[in-house]
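The residues making up each chain are set out below.
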Amino acid sequence: HPQLSMTPTSGLTFEGVALNAIADAVGTPCWVMGAGTFKRRLRRMDQAMREAGLDVSLHYAVKANDHLAVLSLVGREGHGADIVSGGELARTQKAGIPAGRVVFSGVGKTDAELEQAIGLDIGQINVESAEELDIISAIASRLGRTARVTLRVNPDVDAKTHAKITTGLAANKFGIPFDDAAALYARAASLPGIEARGFATHIGSQILSTGPYRAAYARVAELVRSVRASGQTVSHVDCGGGLGIAYRAEAEGQPEALAASIRAELGDLGVKLAIEPGRWLAGPSGVLLSTVILRKEYGMQTPFVVTDAAMNDLLRPSMYDAWHGIVPLAPHSPGQPCAPTHVVGPVCESGDSFARDRDLPPLPRGARIAILDAGAYGAVMSSTYNSRPLAAEVLVEDGEWTVIRRRQAMEELWQDETVPAFTGGTM
Ligand code: LLP
């Protein structure tokens, strides 16, 4: 993590800002997003594609981190967005990403969402079923529009990642079965309100080797060739997202290797390509700051360090048994040995745990920690479970920092609730 460094005087810094200074001012739990890190990663990924000689447009997967400040940066860098809901679409528009650069994925787009997307004339809709294709055709025809679509095919390839984030197996709910895709494409080309322009695939997330990508892209290439052989036109292939990061000791996914896989399998098709990265861009660009509420020791057992961040803030460890690095903000003094520690949140569930048997220096009451690689699927997956207000969010860049979302106030937890009079309540 080149964006993080430990200084003897200010402790852990992120893009040149002392994280303690942020925690002092804003309190914890608090998300810190590094704009410089995000931008550097965005540029590296874009450059990897261009250096491989590929005509690729980059659509940032909004679901990874949908903050307007992040989306606005993506737009200013000239890129587009991959969205999965009307809410995400509205955010991209609020953040100034041109609708023409938006791609809409997802297995269940509602009529209202499709009307919104087709009404805005977004760049592309990735269709996930025969049923959806008919719905889009009907809505586009009614609105007097033409929807540019690709068919998302399920290549039945094992992405070798966590079962909950694998999407390209036949058993998963995503995409059109490979064997049905050619016939459905021919049908798409004949439907009113539809411009069939190609195929899309996305096999999963946190993918660390190129093998699954190569296998999926090879299948898509096979499909493009066979569809073309039967006289259809194919101009676009969307290669999906999924490149993984180094949460622990894994070797991070390399955009250059992804570019090489795309080039090897799809490079000679003469199609316009697209990618939809989320985690690789946002994950290492964010941390979650937290303070130790107390240490709980029972005799010889591994101590519990209870933090003021919990599963309602960062769900990934509870949901996917994900491993996130934990670093104290204070410089480590050499006299303090590390020892196995359980780091847990205060929520009333045993699953509310950030780390088990993690080798950490003593973390007394009041000590602060940074939970690393929390910029993707972190704040976006937060809830207010246990009536815990949503944490504050801060953006840092080049030694500067600013609050980009204030901590939710207690009253905001219930501001949309009413106690009906017919229950006898008054409030
Ligand atoms: N495109 C599509 C169609 C997707 O479904 C996804 C992610 C992406 C792109 C972006 O994938 P990425 O580059 O971020 O891997 N909450 C889970 C991850 C869920 C990913 C869902 N789809 C987690 O925290 O691990």
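Model, not experiment: these values are computed from the prediction.

What follows deals with the overall build of the protein. Counting its regular elements, the protein contains 11 helices and 21 strands. Taken over the C-alpha trace, the protein has a radius of gyration of 23 Å; the compact-globule value for 427 residues is 22 Å, and the two agree within 12%. Principal axes of the C-alpha set define a box for the protein whose edges measure 75 × 60 × 40 Å. Per-residue burial for the protein yields a buried fraction of 47% across its 427 residues. Considering only residue pairs separated by 6 or more positions, the protein has 69% of its internal contacts joining residues 24 or more positions apart.

Bringing the environment of Lys173 into the picture now. Locating Lys173 in the fold gives a position in the loop between strand E9 (147–154) and strand E10 (176–177). Assessed through the 10 C-beta atoms surrounding it within 10 Å, Lys173 is described here as exposed.

Turning our attention to the site of the ligand. Around the ligand, the structure places 22 residues, and the nearest of them are Ala61, Ser205, Gly241, Gly278 and Tyr377. Only helix H10 (279–282) and helix H11 (316–320) provide two or more residues apiece to the shell around the ligand. No fewer than three residues from each of domain 1 (4–34 + 283–413) and domain 2 (35–281) sit in the shell around the ligand.

Looking now at helix H1 (residues 19–26). Turning to H1, its buried residues are Leu19, Ile22, Ala23 and Val26. An end-on view of H1 places all buried positions within 95° of arc, on one side of the element. Turned more than 90 degrees away from the buried face of H1, the exposed residues are Asp24 and Ala25. A positive backbone phi angle near 85° is found at Gly27, which sits one or two residues after H1.

Here the UniProt-annotated "binding site: pyridoxal 5'-phosphate" (unreviewed entry) positions come out as Gly242, Glu276, Pro277, Gly278, Arg279 and Tyr377. Structurally, the position occupied by Gly278 is in the loop between strand E13 (272–275) and H10. Ignoring sequence-local partners within four residues, the contact set of Gly278 consists of Tyr60, Ala61, Lys63, Ala64, Gly241 and Ala376. Since 26 C-beta atoms lie within 10 Å of it, Arg279 is described here as buried. Once residues lying within four places of it in the same chain are set aside, the contact partners of Arg279 are Ala64, Ser205, Gln206, Gly244, Ile245, Ala376 and Tyr377.

This next bit is on the nonpolar core. Judged by nonpolar contacts, the single largest core of 118 residues is most densely connected at Val32 and Ile371. Here this core gets 7 residues from one element, more than from any other, and that element is helix H8 (residues 211–229). Composition of this core by domain shows at least three residues from each of domain 1 (4–34 + 283–413) and domain 2 (35–281). Residues within four places of Ile371 in sequence aside, it is in contact with Val287, Leu288, Ser290, Ala309, Leu314, His324, Ile326 and Phe354.

Following both chains from N to C, one finds helix H5 (residues 111–119) and helix H6 (residues 130–143) inclined at 50°, their axes separated by 10 Å at the closest point. Taken together, the axes of H5 and H6 lie oblique to each other. Crossing angle aside, the handedness with which H5 passes H6 is right-handed. Residues Asp111, Leu114, Glu115, Ile118 and Gly119 of H5 form the contact with H6, whose participating residues are Ile135, Ile136, Ile139, Ala140 and Leu143. Here the contact of H5 with H6 is built from residues that sort into 7 nonpolar, 1 polar and 2 charged.

On to the domain arrangement of the protein. Domain boundaries assigned for the protein yield domain 1 (4–34 + 283–413) and domain 2 (35–281). Between the C-alpha centres of domain 1 and domain 2 there is a distance of 33 Å. In this complex, domain 1 contributes 23 residues to the contact, which on the side of domain 2 involves 21 residues. Those elements that place two or more of their residues in the side of domain 1 that touches domain 2 are strand E4 (30–34) and strand E20 (392–397). Top element by residues in the side of domain 1 that touches domain 2 is E20. It accounts for 4 residues. In the side of domain 1 that touches domain 2, the residues fall into 12 nonpolar, 6 polar and 5 charged.

Time to look at unusual backbone geometry. The step from Thr28 to Pro29 runs through a cis peptide bond, and the omega angle for that step is -5°. Inspection of the secondary structure puts Pro29 in the loop between H1 and E4. Of note, the phi angle at Asp156 is positive, near 55°, even though the residue is not glycine. Assignment of secondary structure puts Asp156 in the loop between E9 and E10. Not every positive phi belongs to a glycine, and Asp321 is a case in point at roughly 50°. In this structure, Asp321 sits in the loop between H11 and strand E16 (326–328).

Our focus in this paragraph is the environment of Gly375. By the element assignment, Gly375 lies in the loop between strand E19 (368–371) and E20. Between the C-alpha atom of Gly375 and that of Arg279, which follows or precedes it by 96 residues, the distance is 7.9 Å. When near neighbours in sequence (up to four residues on either side) are disregarded, Gly375 contacts Met33, Asn65, Ala282, Gly283, Pro284, Ser285 and Gly286.

Per the UniProt record, the feature "binding site: substrate" (unreviewed entry) sits at Arg279, Arg316, Tyr320, Glu349 and Tyr377. With the annotated positions falling across 99 residues, the maximum pairwise C-alpha distance of 26.9 Å shows that they are not confined to a single cluster. Examined against the element boundaries, Glu349 turns out to sit in the loop between strand E17 (339–344) and strand E18 (353–360). C-beta crowding within 10 Å serves as the criterion here: with 14 such atoms nearby, Glu349 is assigned to the partly exposed category. Take Tyr377: it is sitting in the loop between E19 and E20.

Procedures and definitions
- Residues numbered from 1 in each chain as written.
- Predicted model: local features only at pLDDT ≥ 70, side-chain atom pairs only at ≥ 80, totals over all residues.
- Helix = DSSP H or I, 4+ residues; strand = E, 2+ residues; numbered from the N terminus.
- Rg over C-alpha atoms; globule rule 2.2 N^0.38 Å.
- Buried ≥ 20, exposed ≤ 12 C-beta atoms within 10 Å, placed from the backbone.
- Contact = placed C-beta atoms within 7 Å.
- Near = placed C-beta within 6 Å.
- Domains from an automatic or database assignment.
- Arc of directions from axis to C-beta.
- UniProt positions renumbered as here; feature names shortened; annotations may be inferred.
- Core = buried A, V, L, I, M, F, W, Y, C linked by C-beta atoms within 7 Å.
- Axes fitted to C-alpha atoms, helices over the stretch in contact; angles between N-to-C directions.
- Parallel < 35°, antiparallel > 145°, perpendicular 65-115°, else oblique.
- Left-handed = near helix turned anticlockwise from the far one by under 90°.
- Nonpolar A, V, L, I, M, F, W, Y, C, P; charged D, E, K, R; others polar.

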